[in-house]
Amino acid sequence: MTSWIILIVAGLFESGFAFCLGKMKGLSGTEYWLWGAGFLACLAMSMVLLAKAVQVLPIGTAYPVWTGIGAVGTVLLGIFFFHEPATFWRLFFIVTLIASVIGLKMVS
């Protein structure tokens, strides 16, 4: 069970590094470099935690779950913080992605 928690946190850090990239857009100077440092920190944490999780979980399950969590989190962050559109079809496919991630966990 601990490996699944580690994997979920790794996926959240994946969303974190994508969020930092989004915040870096159009910036310069100190603010750019601070968000860049956040990007690198989130990237490192995400990779370290993913590596830890796959010591127990099969890579064929862990990697899609990790990317799914990151993708869903990034889309939601984009909607809430970057005012990206929340259309029916975007939300529909996010729900199907979540269902797929849950399905992978259930069969593993």
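- Under the annotation held in an unreviewed UniProt entry, the protein chain carries the name Guanidinium exporter and is attributed to Candidatus Odoribacter faecigallinarum.
- Heading Sequence similarities (unreviewed entry) of the UniProt record for the protein chain holds this comment: "Belongs to the drug/metabolite transporter (DMT) superfamily. Small multidrug resistance (SMR) (TC 2.A.7.1) family. Gdx/SugE subfamily."

1. Quick word on helix α1 (residues 2–24)
- A rise of 1.5 Å per residue sets the reference length of α1, with its 23 residues, at 33 Å; its end C-alpha atoms lie 33 Å apart and thus fit the reference within 8%.
- Taken from the residues just after α1, G26 is the one with a positive phi, measuring 80°.

2. Thoughts on the nonpolar core
- Judged by nonpolar contacts, the single largest core of 13 residues is most densely connected at W4, L7, A53, L57, V65 and W66.
- Of all the elements in the fold, those that place two or more residues in this core are α1, α2 (29–53) and α3 (59–81).
- Once you skip the residues sitting within four places of it in the chain, W66 turns out to touch L7, A10, G11, E14, S46, M47 and L50.
- F17, C20, M24 and F39 belong to the second-largest nonpolar core, a separate cluster that totals 5 residues.

Procedures and definitions
- Residues numbered from 1 in each chain as written.
- Predicted model: local features only at pLDDT ≥ 70, side-chain atom pairs only at ≥ 80, totals over all residues.
- Heavy atoms only, no water.
- UniProt positions renumbered as here; feature names shortened; annotations may be inferred.
- Helix = DSSP H or I, 4+ residues; strand = E, 2+ residues; numbered from the N terminus.
- Expected span 1.5 Å × (residues − 1).
- Core = buried A, V, L, I, M, F, W, Y, C linked by side-chain atoms within 4.5 Å.
- Buried < 20%, exposed > 50% of the residue type's maximum accessible area, 1.4 Å probe, protein only.
- Contact = heavy atoms within 4.5 Å.

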